[in-house]
Amino acid sequence: KLEAGQFLVHPDLARLIPNNISSQFGSWQIVQKKQIDLSKAKKVIIFGFVCEQYLGNLDDLKVRLEELKAISPDAHVDLYLPIRKNVFETVSKETVTIHIVMDMIKDIFPGRKMKILTSEHFFDITDFKNTFVFDLALDNFMVTDNYLHYYVQSRGATVNNRSLTKAPENSIFSLDLSLHHEFHVCPLPKDKNVFTDLLFYKKENPGIKDLMFDPLLQTMLREMFKK
C-alpha cells in the first residue's frame, strides 16, 4: 500500500534508497500487452546515444548486436544514432565510436540498405505499428531521454526495455499511458541496499569535489547495478 507523499523510483534504483526511509518509496513497471518479436517486425529502428558510457564496452556491444540477426530479410532497418558528449568528463576528447558502431552494424547486415534518421525525421513518424525499436543501451546507469521509449510505445512500437506483457502480481494500481501501454505502481523491490557503501566511499574520499566525474565511483555504481 502506498500513501500520499510517497515517491516512485525506477526499480533499478531501489538499491540506492536508505533502509530507514525505504517505506516512503515505491516503484513501477511498464506493461505492453501486445508486443512483437524482433523476427516478426516489419520495421526495426536501431537507437542509441553514441558514447561509450551509454553503449558500454564495445566488445560487449558487438555480442549484443548478434540479436539483430533475427531480423527478417524483408524488414526495413533504420538507424537513429545521435552523437553525445561523454557527460562524465570535464574535458572533451576525440572519439571514433560512431565509426566503430557503424562497422559493427554493417557486419550484421552485409550489403543491406539502411536509412539514417535525424531527430527531426524520427519524431515525424507517428505510426510505429509492427515496429521494433532496439535500444543499444547497456543498462540504466546513464539516465537518458526515456521519453523516446514512451513516444514509440504509445504509438504501438515494441522496445527492448523489459516491458512486461501482463500485469505484475504485486501491482498496487495502474494507469493507462496510451492505448498501447500501462504504468503499474508496485512496492519497492527488496534488493540488497548499497547506500551505506556509497556513504562510506564518500567519507573515505573527502578530496573529491564532484562525484559525478569520479571514474572509480562510476565503475562501482555500474557493478552494483549488475548484481
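Residues numbered from 1 in each chain as written. Predicted model: local features only at pLDDT ≥ 70, side-chain atom pairs only at ≥ 80, totals over all residues. Heavy atoms only, no water.

## Some details on the packing of aromatic side chains
Line of reasoning, step 1. Scanning the model with the defined rule gives 15 aromatic pairs in all.
Line of reasoning, step 2. Taking the centre distance of 5.2 Å and the plane angle of 75° together, the rings of F47 and F49 count as edge-to-face.
Line of reasoning, step 3. Judged by relative accessible area, F47 falls into the buried class, the value being 2%.
Line of reasoning, step 4. Judged by its relative accessible area of 11%, F49 falls in the buried class.
Line of reasoning, step 5. Their ring planes at 15° and their centres at 4.6 Å tell us that Y80 and F122 sit as a pair that is stacked. In this pair, Y80 is assigned in strand β4 (residues 76-80) and F122 in helix α4 (residues 119-124), connecting sequence segments 42 residues apart. Here the two residues Y80 and F122 agree in accessibility, since each one is buried.
Line of reasoning, step 6. A connected cluster of aromatic rings, assembled from ring pairs, spans F47, F49, Y54, Y80, F122, F123, F128, Y147, Y150 and Y151.
Line of reasoning, step 7. The lysine or arginine in question, R155, covers the ring of Y151, its NZ or CZ lying 3.9 Å from the ring centre. (Phe/Tyr/Trp six-rings, centres within 6.5 Å; stacked < 30°, edge-to-face > 60°. Buried < 20%, exposed > 50% of the residue type's maximum accessible area, 1.4 Å probe, protein only. Helix = DSSP H or I, 4+ residues; strand = E, 2+ residues; numbered from the N terminus. Lys NZ or Arg CZ within 6 Å of the ring centre and 35° of its normal.)

## Quick look at the environment of F47
Line of reasoning, step 1. If you trace the backbone, F47 turns up in strand β3 (residues 43-47).
Line of reasoning, step 2. The sequence separation of F47 and D78 amounts to 31 residues, and the corresponding C-alpha distance is 8.7 Å.

## Some details on the sheet that holds strand β1 (residues 7-8)
Line of reasoning, step 1. Overall, mixed pairing links the four strands, which are arranged β1-β2-β9-β8 in an open sheet. Across the chains shown, the open sheet's two edge strands, defined by having one partner strand only, are β1 and β8 (173-176). (Pairing = 2+ DSSP bridges.)

## Things to note about helix α3 (residues 97-108)
Line of reasoning, step 1. For α3, spanning twelve residues, the distance from its first C-alpha to its last is 17 Å, which sits close to the expected 16 Å at 1.5 Å a residue.
Line of reasoning, step 2. For α3, the set of buried residues is T97, V101, M102, M104, I105 and I108. Projected down its long axis, α3 carries its buried residues within an arc of 160°, all on one side. Facing away from the buried side of α3, by more than 90 degrees, are the exposed residues H99 and D107.
Line of reasoning, step 3. In this structure, the buried residues of α3 make contact with β3, α1 (52-55), α2 (58-64), β4 and β5 (115-116). (Expected span 1.5 Å × (residues − 1). Arc of directions from axis to C-beta. Contact = heavy atoms within 4.5 Å.)

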